[in-house]
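Examination of the molecular architecture
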Amino acid sequence: MSVSTAAADQSICAPLPVLGADVTVPLVTGGDVTYAALDYAASAPALQRVWDDVAAYAPYYGSVHRGAGYLSQLSTDLFESSRVTVAEFLGCRADDQVVFTRSTTDSLNLLAAALPADCQVFVFETEHHASLLPWRDARVTYLDAPRTPDQAVATLERALAGREPYGPALVCVTGASNVTGELWPVKELAAAAHAHGARIVLDAAQLAPHHPVDIAELDVDWVAFSGHKLYAPFGSGVLAGRADWLLAAEPYLAGGGASRKVARRTDGGVDVEWHTTAARHEAGSPNVIGVYSIAAACKALTEAGFDRLVAREQQLVTRVREGLAGVPEVKVLSLFGDDAPRVGVISFVVEGWNSSHFAAALSAEYGIGVRDGLFCAHPLVRTLLGSEPQDPGECGAPEAAPGERSLNAIRVSFGAGTPDEHVERFLGAVRELVSKGARWTYRTEEGRCVPDRGAAQV
């Protein structure tokens, strides 16, 4: 998959308005500053457009599929039209289903519960835990981290060709790494899977907010993503794709909404007729506001123009990578190399620094929010760091000596709502911390790295 670029004469769009753009936070050094949210890969701020749409609907929400009243009818129509909006956003095929879940993790666990008997699952060790771990009840083959996109395809082809027995198989792969931001060769992996009689599910949690996703064009069987990474509030996700495995499986949750008819038998038992639509796996009262927020985000991104959004984000990616390259102590983590196409997710380590300490200093002294740790992708980060499985450490642990391997990493991530100023503040803070050091000492408090206010300022 290649990154779409805007035409040379196409204007680069301004950041999309997001909630929290004017929030100020206190600095440990005194005063306050507008918060620079650079942790989009964990949760992106909600688009102002999405929040406004949800706020306009909120007074009218009612039960979905469960009432004759006007508000119930309105909410049911909104819920089902949101399903259509998401299907259009993903380029779904005519017979695909869109199932609403709680998150990407929930979506992939739903698919794992629907696997046919004796299905074998193939997953690279580079996956986020959401797509690495749900397959515990299946026969799983974990594939080593490839170092090029071509190697990823070749590795998968060998594994699929050699599987025993040659029965049903599923490949799970990310679209964009939540650690390096690098794009994976999804279309090529899908072709390899299908050539060997396997199906493929795309974890698009990091891809969908940054890049168009088209199920039909990529020829994947399912796509999973979360609303909270797509500029919508927490609590909703999507599993979209082929219906047959989902219809053949028992409902993911048993309860109202999933059942069409329930009757007592003469022997005292219960007969259940389950839905044959997406409702089969949507038991319980649905999160209509969460679902509507996803649809609103899909509309907002589409109307803003993904080509323009991608073009601007690539400018930010280039600026951050060039800025970090100008600091010799900084090492950016990469699986496929510097030339690999990527979205706005960049992880790095700083020579001689504890990563948790560095991230805490960015927050406390500069008002910049990033992430530190292993990013729910422990095998991948350890592979990139060249470290063995171990406790990732605490900010109060001794700082790594120059040349030592870091126990964890720092991740900066951004997207459609990121102002240029936040990127420049981040790069300036990195340069200043590396050259002058932190102005405060830090310690661990309830698992978090915080300024040690009882210690003298450095």
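Here's a quick rundown of the structure. (Residues numbered from 1 in each chain as written. Predicted model: local features only at pLDDT ≥ 70, side-chain atom pairs only at ≥ 80, totals over all residues. Heavy atoms only, no water.)

1. Considerations on the environment of G305
Here G305 is to be found in the loop between α9 (288-304) and α10 (306-325). Taking C-alpha positions, G305 is 8.9 Å from C13, a pair spaced 292 residues apart along the chain. (Helix = DSSP H or I, 4+ residues; strand = E, 2+ residues; numbered from the N terminus.)

2. A look at the environment of R139
Structurally, R139 can be placed in strand β6 (residues 139-143). Taking the C-alpha atoms as reference points, R139 and V121, 18 residues apart in sequence, are found 6.1 Å from one another. For R139, the residues in contact, after removing those within four places along its chain, are D118, C119, Q120, V121, E164 and P165. Of the polar contacts made by the side chain of R139, one reaches the side chain of Q120; its length is 3.4 Å. (Contact = heavy atoms within 4.5 Å. Polar contact = N/O pair within 3.5 Å; in protein donor to acceptor, adjacent residues only side chain to side chain.)

3. Concerning the packing of aromatic side chains
Counting across every chain of the model gives 10 aromatic pairs. Aromatic pair Y40 and Y231: ring centres 6.0 Å apart, planes at 70°, arrangement edge-to-face. Here Y231 lies in the loop between β9 (222-226) and β10 (237-241) and Y40 lies in the loop between β3 (36-37) and α1 (48-57), a separation of 191 residues in the sequence. You can call Y231 buried: its relative accessible area is 0%. Between W222 and W245 the ring centres are 5.3 Å apart and the planes differ by 35°, which places this aromatic pair in the tilted class. Of this pair, W222 sits in strand β9 while W245 sits in helix α8 (residues 244-248); the two residues are 23 residues apart in sequence, bridging distant segments of the chain. On the basis of relative accessible area, W222 is assigned to the buried category, the value being 0%. Taken together, the ring pairs in this structure connect F348, W353, F358 and F426 into an aromatic cluster. Lying across the ring of Y166, R163 places its NZ or CZ 3.9 Å from the centre. (Phe/Tyr/Trp six-rings, centres within 6.5 Å; stacked < 30°, edge-to-face > 60°. Buried < 20%, exposed > 50% of the residue type's maximum accessible area, 1.4 Å probe, protein only. Lys NZ or Arg CZ within 6 Å of the ring centre and 35° of its normal.)

4. Re the pattern of salt bridges
Following the criterion strictly, the structure yields 20 salt bridges and no others. The salt bridge partner of D420 is R312, with a shortest N-O separation of 2.8 Å. Here D420 is found in helix α13 (residues 420-436), whereas its partner R312 is found in helix α10, with 108 residues between them in sequence. Classification of R312 as buried rests on a relative accessible area of 6%. Residue D452 is joined to R443 by a salt bridge in which the shortest nitrogen-to-oxygen separation is 3.4 Å. When salt bridges that share partners are traced, they join R49, D53 and E303 into one network. (Salt bridge = Lys/Arg side-chain N within 4 Å of Asp/Glu carboxyl O.)

5. Examining the packing of helix α5 (residues 149-161) against helix α6 (residues 186-195)
The geometry of α5 relative to α6 is characterised by a closest axis approach of 9 Å and an angle of 15° between their N-to-C directions. With respect to each other, α5 and α6 are oriented roughly parallel. Crossing handedness for the pair α5 and α6: right-handed. Contacts between α5 and α6 pair A152, V153, L156, E157 and L160 from the former with E188, L189, A192 and A193 from the latter. In the contact of α5 with α6, the residues fall into 7 nonpolar, no polar and 2 charged. (Axes fitted to C-alpha atoms, helices over the stretch in contact; angles between N-to-C directions. Parallel < 35°, antiparallel > 145°, perpendicular 65-115°, else oblique. Left-handed = near helix turned anticlockwise from the far one by under 90°. Nonpolar A, V, L, I, M, F, W, Y, C, P; charged D, E, K, R; others polar.)

6. Things to note about the nonpolar core
Among the nonpolar cores identified, the biggest contains 86 residues, and L90 and F225 are the most heavily contacted of them. Counting residues per element, this core draws most heavily on α9, at 10 residues. With residues up to four places along the chain from it excluded, the contact list for L90 reads V213, D214, I215, V223, F225, V238 and A240. Among the nonpolar cores identified, the runner-up in size contains 36 residues, and V327, A360, F426 and V430 belong to it. (Core = buried A, V, L, I, M, F, W, Y, C linked by side-chain atoms within 4.5 Å.)

7. So, the environment of L156
Relative to the assigned elements, L156 resides in helix α5. Residues L156 and F234, 78 residues apart in the sequence, show an inter-C-alpha distance of 34 Å. L156 has contacts with F122, F124, L143, V171, L189 and A192, leaving out every residue within four places of it along the chain.

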